[in-house]
Amino acid sequence: MASSETALAADRKARGIGPFLRSQMRNIAPFLTLIFLSLFFAFASPSFATLDNLGNILTQVSVTGIIAVGLTFVILCAEIDLSIASIANVTGIAVAYFTLQESYVNIANVPLPGAVAILLSILLCALLGLVNALGLTVIGIPSFIMTLAMMQIAAGISALLVRGQIAYKVPSLISTLGSGSIGGIPWIVIVAAIMLLAGHLVLTYTRFGRYVYMVGGNREAAEYSGLNVKLILGTVMVISAVCSGIGGMLGVAHFGSAQQNEFDTYLLDSIAAVVVGGTSLFGGRGGIGNTIVGLFVLGVLNNGLDHVNIDSFLKILIRGLILLAALVINVYAQRLREKTAD
Amino acid sequence: MQQARSPILELQGITKSFGGVEALRGVDFALYAGEIHGLVGENGAGKSTLMKIIAGVHPEFSGRFLVNGQETRFRSARDAHAAGIAMVHQELSVAPDLTVAENVFLGNQPTNRLGIVQWRRMAREAGEQLARFGINVDPMSRLGDLPIGLQQLIEIARVLFSGARIVILDEPTSALSPPEVERLFTTLRRLRDEGTGIVFISHFIEDILRVSDTVTVFRNGRKVAETASAATTKGALIEAMIGRGGEVLEHSYTDDLSLPKPSDGPVVLKVDQLSLARSLQDVSFEARAGEVLGIYGFMGCGQQELSRILFGKLKPDSGALIVDGAAKSFASTAAARRAGVALVPESRRAMLFHQEPVYKNVSISILDRISALLLKPAREREIAKHQVEQLQIRPPVVALDLGMLSGGNQQKVALAKWLTYPPKLLVLCEPTRGMDVGAKNDVINIVRDLRARGLAIIVLSTEPETVLSLADRILVLKRGALVREFTNEPVSKDRLLEAA
């Protein structure tokens, strides 16, 4: 037994470039997809490959990017958060609710100073994230179900706050960050870049980041190594909610209004960005770098399809197919990796 | 006991090897209708392999295989089933989310002509069958809600009443309480009297002697004895199982070994009246600094649960844990780790990260002592390198993914995790299982070194050799209760097996 095991180990040690590439497939495939899509649209449309359009793409993916930072943490832990869009929505609405609106807006709101409004809104999303965290870790509800319930709860709070109306005003800081720009660069792009960078630094260089990867890689082993797995899982749920909340506040400023169901498409887009980028749905593999590639794949796809002459109803189908392809690669890459490293 | 003249099942000269290792060597075996045939032997002696051949699980082997005098070859468990052979495996294989009735009729539920399950009939018949077995449960209750012992009885009942003419039971009593064992035996005897041939494998030799008509002893893949149960004793069977004379290369621990005087180091762990559902009953003991406490018992005796409680992974129903003089109720494994308790579970997969490099595996449990906020990978690698050298882990490359190491080396990494900042109490489950002699000796030396450094060490194992080679004091756990302590006295494999 022992001798055959050593032989096997030696054999693996000697594995060459092919298996190495296979083990890196989850990083390579999304990148190739991005290059392929970019080249395709660049040839198909003269208006695609311009600096202006690059700015458009960056702006278009910013809100998704901010939400996806937190979601990356969650998916790295092999959990899921379906409440991101709803929490973004309710936080955006909350920050407007706490801001003085024009007289024609028919909402019984509570005007507060801008800083207080922002703080309260962040507290709200953190609190909702905490409820997710407690449901997942203390009660033991699977995150899929727990966050599904939270999706409804957050939507319910949104509905109660705006009661079918639309609010427009947000604190000036939020309004600047969401719709202003500096030196021609939209603030929202800068915020998204900073948050993505911060997420990357935390995941790569901090002890907490290592714990996230280890819990996602083998939860049982993390527990047997004496890590507080529940605390780590709870923390990523709160991180996810807070990122969603920030995305929601800036999104409201970016769109110029706060209303019910405004962020519905962001749930799928954020999950797609993380997964298309190659972060493993089984946890422990991937990271913010992957999420950035995934964001660009989605951004280029959405934007590029507008530049080519294509049936707008077909676009939805095409996006669905691309997502399916990414999921297939994701699962396949996991299997390859297990085969090579098991 | 009326035996038919020719056996219903006969095997001649069976040899079976796994990857060059012979698990069975020229074994003859015969089972008669109306006979309960007991099988004993140590772990890995070949009992289970032989039974799996009979049940069609291992279709590849050499030798003759006759059912009712007809030479046969089963290609799958399905073939064996069709020939009237059924087996209850050691691991429970029930569907906990289905009802009791569905479990009893798993795979052949009664249906009407439209293929619709006849629930009422199924429930009634399941209830009747179980009642014959002395089990009175609502057939429509969810199986998973019943106690483990009852689930096991229901699984056994399903197999026994499946109409099989040959029934194999592999360790059926490990999770059963004494009255449940009694009920099982009554049923087995009745089935025997009705003409069924039954093979009964167990570590509990008393059980074998009580229920079986014939006993066969296996050792190292050979059949070494076959005798009428009435004509033998527990001592004689244990002697046959272990064997005298230098058959085994390794130290076989057949002779008495004298345990040293108990350590007078400070008490690191005091366990007081620990109980957990059906797994542990009023377990109390102490572990002292500078001693290796061995806890021996058969599979399912509660060792696993005990080790999980010590490390905060399971919560006991009652009882107290006192670590270093302070009563503890660990909310998480992290709390146990911070209190100075470390665990190496029996499964490497359960505590190692196969897709991560060796150094991350070594550092994971001590990261909070190396770095506050930011990681220090260079320091991690340095620590890992030191451990790899100390423990002679091969290959000595800390950046290699753990999955590329051999099993024995992985086991050493699992130990290395705890060695840089040694805990006060180290709990090792099956620390040498599946290792070759060299690796075993390495582990023994590591443990002795840790003992010398003043750790309290608990070694839990189902293999007597492991406990005997490491422990200074030995406790025997039997069906969840401590039944014997060996300290400052001679001990041997016989004595351990006798006590368990």
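What counts and what doesn't
- The residue numbering used here restarts from 1 in each chain and proceeds along that chain's sequence as written.
- Chain letters and ligand numbers both follow the written order, the letters beginning at A and the numbers at 1.
- Local features in this predicted model are restricted to residues whose pLDDT is 70 or higher, and side-chain atom pairs enter the listing and the counts only when it is 80 or higher, whereas totals over whole chains, interfaces and linings include all residues.
- Where side-chain values are given, they derive from all heavy atoms of the structure, hydrogens and water being excluded.
- For this analysis, a nonpolar core means a set of buried residues of the types Ala, Val, Leu, Ile, Met, Phe, Trp, Tyr and Cys, connected via side-chain atoms within 4.5 Å.
- Whether a residue is buried, partly exposed or exposed follows from its accessible area with a 1.4 Å probe, protein chains only, as a fraction of its type maximum: under 20%, in between, or over 50%, in that order.
- For this analysis, residues touch if any pair of their heavy atoms sits within 4.5 Å.
- Fitted lines through C-alpha atoms give the axes, limited to the stretch in contact for helices. The angle between two N-to-C directions lies from 0 to 180 degrees.
- The helix count covers DSSP runs of H or I at least four residues long, the strand count covers runs of E at least two residues long, and both are numbered beginning at the N terminus.
- Left-handed describes a crossing whose near helix is turned anticlockwise from the far helix by less than a right angle; the clockwise case is right-handed.
- Following the grouping adopted for this structure description, the nonpolar residues are Ala, Val, Leu, Ile, Met, Phe, Trp, Tyr, Cys and Pro, the charged ones are Asp, Glu, Lys and Arg, and the polar ones are all others, Gly among them.
- Only residues whose relative accessible area exceeds 30% and that form no salt bridge are eligible for patches; like-charged ones are grouped when within 9 Å, while nonpolar side chains (Val, Leu, Ile, Met, Phe, Trp, Tyr) are grouped when within 5 Å.
- Calculation of accessible area relied on Shrake-Rupley with a 1.4 Å probe; when residues are assessed, cover is drawn exclusively from the protein chains displayed.
- Whenever a carboxyl oxygen of Asp or Glu lies within 4 Å of a side-chain nitrogen of Lys or Arg, that contact is scored as a salt bridge.
- An automatic or database domain assignment provides the domain bounds reported here.
- Buried area: the sum, over both parts, of the accessible surface (1.4 Å probe) that disappears when the two are put together.

### A closer look at the nonpolar core
Residues F41, I174 and V212 of chain A are the most contacted members of the largest nonpolar core, which totals 88 residues. Once residues within four sequence positions are removed from consideration, V212 of chain A is found in contact with F73, L76, C77, L203, I232 and V236 of chain A. Formed by 68 residues, the second largest nonpolar core is a distinct cluster that contains L293, C301, L310 and I393 of chain B.

### Quick notes on the packing of helix α6 (residues 114-139) of chain A against helix α12 (residues 229-255) of chain A
Residues and elements named next belong to chain A. Contact geometry of α6 with α12 gives a least axis separation of 8 Å together with a crossing angle of 145°. When you trace α6 past α12, the crossing you get is right-handed. In this structure, α6 uses I118, S121, I122, C125, A126, G129, L130, N132, A133, L136 and T137 to contact α12, whose residues at the interface are K230, L233, G234, M237, V238, A241, V242, G245 and M249. Looking at side-chain class alone, the contact of α6 with α12 contains 13 nonpolar, six polar and one charged residues.

### With respect to a nonpolar patch on the surface
A cluster of nonpolar side chains, I28, F31, L32, I35, L39 and F43 of chain A, forms an exposed patch at the surface whose accessible area comes to about 620 Å². With respect to the element layout, L39 of chain A can be found in helix α3 (residues 25-44).

### Thoughts on the environment of A192 of chain A
Residue and element names in this part refer to chain A. You can see A192 is positioned in helix α9 (residues 187-205). On the basis of relative accessible area, A192 is assigned to the buried category, the value being 4%. Distance in space between the C-alpha atoms of A192 and Q60 is 11 Å, their sequence separation being 132 residues. Sequence-distant contacts of A192, defined by excluding residues within four places in its chain, comprise S62 and I66.

### Observations regarding the domain arrangement of chain B
By a widespread convention, an interface's size corresponds to the accessible area lost as its parts come together. Residues and elements named next belong to chain B. Domain parsing of chain B yields domain 1 (9-242) and domain 2 (257-351 + 417-499). One C-alpha centre belongs to domain 1, the other to domain 2; they are set 33 Å apart. Facing 22 residues of domain 1, the contacting portion of domain 2 comprises 13 residues. Here domain 1 meets domain 2 over a buried area of about 1,400 Å², counting both sides, of which 51% is carbon and sulfur. At the boundary of domain 1 with domain 2, the tally comes to two salt bridges. Residues R479 and D207 are paired through a salt bridge, measuring 3.2 Å at the closest nitrogen-oxygen approach.

### Re unusual backbone geometry
The residue R163 of chain A is not glycine, and still its phi comes out positive at about 50°. Structurally, the position occupied by R163 of chain A is in the loop between α7 (143-162) and α8 (172-179). Classification of R163 of chain A by relative accessible area gives exposed; the value is 63%. Positive phi outside glycine occurs at N220 of chain B, with the angle close to 50°. Note on placement: N220 of chain B falls in the loop between β9 (214-219) and β10 (222-228).

### Some remarks on the pattern of salt bridges
Inspection of the entire model under this criterion finds 31 salt bridges over all chains. One salt bridge in this structure joins K169 of chain A and E102 of chain A, with 4.0 Å as the shortest N-O distance. Of this pair, K169 of chain A sits in the loop between α7 and α8 while E102 of chain A is found in the loop between α5 (84-97) and α6, placing the two residues 67 residues apart along the sequence. Classification of E102 of chain A as partly exposed rests on a relative accessible area of 37%. Residue D97 of chain B is joined to R142 of chain B by a salt bridge in which the shortest nitrogen-to-oxygen separation is 2.7 Å. Residue D97 of chain B is found in the loop between β6 (85-88) and α3 (100-104), and its partner R142 of chain B is found in the loop between α4 (119-132) and α5 (148-160); the two are separated by 45 residues along the sequence. Among the residues examined, D97 of chain B registers a relative accessible area of 59% and is labelled exposed. Connected through salt bridges with shared partners, the residues R285 of chain A together with E356 and K360 of chain B form a single ionic network.

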